[in-house]
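Here are the chains, one letter per residue:
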Amino acid sequence: MNAEVPGFTSTHLTLAGTERTVYLRGHGPAVIVMTEVPGITPAVAAFATRVADAGFRVYLPQLFGTPMRPVSPAALARTFAHVCVSREFRLLAADASSPIVDWLRALARHAHGECGGPGVGALGMCVTGNFGLAMMLDAPVIAAVLSQPSLPVPLTARMRAGLHASPAELAAAHEQIDRRGARILAMRFDNDPLCPSARFERLRHEFAAAVETIEIPGRFANPQGPRPPHSVLTNHLIDEHGQPTRAALDRTLAFLREQLLPA
């Protein structure tokens, strides 16, 4: 039996030969919210609710972990160990995406068919952080949000600058930008060891004016979150006006509106 996510309905979707549970909320253009480790935590569900309530139909797929289980060291370690051995994730690939992206592209096509509109938003965090970029290949993604994109694991200089996307996926992103007005929004804490500055320098070099980057000093992270600062929109959000993380949340919602809602 699937766990419930308060305020969301659930459905089972078989796409690309694999069945997964997807949690749904809201009305409007589709936005796929891809969770961070350790899964659909209360903080991730709260963020996805904010997106839905801003005028979107949120698709929140169950990719790993147990829904609504709070963040804890044990949950982080258990889920990360699962991701490490899963064939659906390639943690060390600098120039190729993870196999699970094929399923997420199919979800984007399905969601666009259900919701219509100019295209789909794809928002990833942590290990899914770069997926929105790779999902521009063979899917109608025109608003990619990359929150603390952490793959590939930054073990070498090449990995620190890696975008976890193949040359074909990068070419498709450029085509979506040129032909459909797609844009990219990326954010990180400036002292996050999992999401190094070289990755954002590569994004700016690759996509120039089509990418908007937000880099927040780590001292503005919520001190009650795990250390070091990492999760801009969830665990380390300080949900108060005037706080840089709240400004990043507000900008995320505005970016999705600009890309997906008719003028």
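For the structure, check the block above.
Residues numbered from 1 in each chain as written. Predicted model: local features only at pLDDT ≥ 70, side-chain atom pairs only at ≥ 80, totals over all residues. Heavy atoms only, no water.

(A) The environment of M68, seen in detail. By the secondary structure assignment, M68 is in the loop between strand 4 (57–61) and helix 2 (73–85). Spatially, the C-alpha atoms of M68 and G39 are 8.1 Å apart, while their sequence positions differ by 29 residues. If we ignore the near neighbours within four places in the chain, the residues touching M68 are E4, V5, P6, I40, T41, P42 and A45. (Helix = DSSP H or I, 4+ residues; strand = E, 2+ residues; numbered from the N terminus. Contact = heavy atoms within 4.5 Å.)

(B) Main features of the packing of aromatic side chains. Per the counting criterion, the structure on display carries two aromatic pairs. Summarising the aromatic geometry, the rings of F64 and F89 are spaced 5.9 Å apart at their centres and angled 55° between planes, so their arrangement reads as tilted. With F64 in the loop between strand 4 and helix 2 and F89 in the loop between helix 2 and helix 3 (100–115), this pair connects stretches of sequence that are 25 residues apart. Comparing F64 with F89, the two get one shared label, buried. Taken together, a centroid distance of 6.2 Å and an interplanar angle of 25° make the contact between F89 and F131 stacked. In this pair, F89 sits in the loop between helix 2 and helix 3 while F131 sits in helix 4 (residues 131–134), placing the two residues 42 residues apart along the sequence. For F131, a relative accessible area of 0% corresponds to the buried category. Against the face of F8 rests R25, its NZ or CZ located 5.9 Å from the ring centre. (Phe/Tyr/Trp six-rings, centres within 6.5 Å; stacked < 30°, edge-to-face > 60°. Buried < 20%, exposed > 50% of the residue type's maximum accessible area, 1.4 Å probe, protein only. Lys NZ or Arg CZ within 6 Å of the ring centre and 35° of its normal.)

(C) Just the side chain of Q148, in detail. Looking at the secondary structure, you find Q148 in the loop between strand 6 (141–147) and helix 5 (157–160). The buried category is assigned to Q148, whose relative accessible area is 0%.

(D) Geometry of the sheet that holds strand 4. Taken together, eight strands build an open sheet; the order of strands is 1-2-4-3-5-6-7-8 and the sheet is mixed. Two strands close off the open sheet at either side, each with one partner strand: strand 1 (9–15) and strand 8 (211–216). Averaged over neighbouring strand pairs, the angle between their axes works out to 20° when direction is ignored. Each of strand 2 (18–25), strand 3 (30–34), strand 4 and strand 5 (120–125) is contacted by helix 1 (residues 42–53), which is oriented at about 155° to strand 4, the strand it contacts most. Here helix 8 (residues 244–260) sits on the sheet and contacts strand 3, strand 5, strand 6, strand 7 (183–189) and strand 8; the angle it forms with strand 6, its principal contact strand, is near 170°. (Pairing = 2+ DSSP bridges. Axes fitted to C-alpha atoms, helices over the stretch in contact; angles between N-to-C directions.)

(E) Geometry of the side chain of T128. Within the fold, T128 resides in the loop between strand 5 and helix 4. The exposure class assigned to T128 is buried, which follows from its relative accessible area of 0%. At 3.1 Å, the side chain of T128 and the backbone oxygen of M34 are in polar contact. Engagement of the side chain of T128 in a polar contact is seen with the backbone nitrogen of M125, the distance being 2.9 Å. Apart from residues no more than four positions distant in its own chain, T128 is found in contact with M34, T35, L63 and F64. (Polar contact = N/O pair within 3.5 Å; in protein donor to acceptor, adjacent residues only side chain to side chain.)

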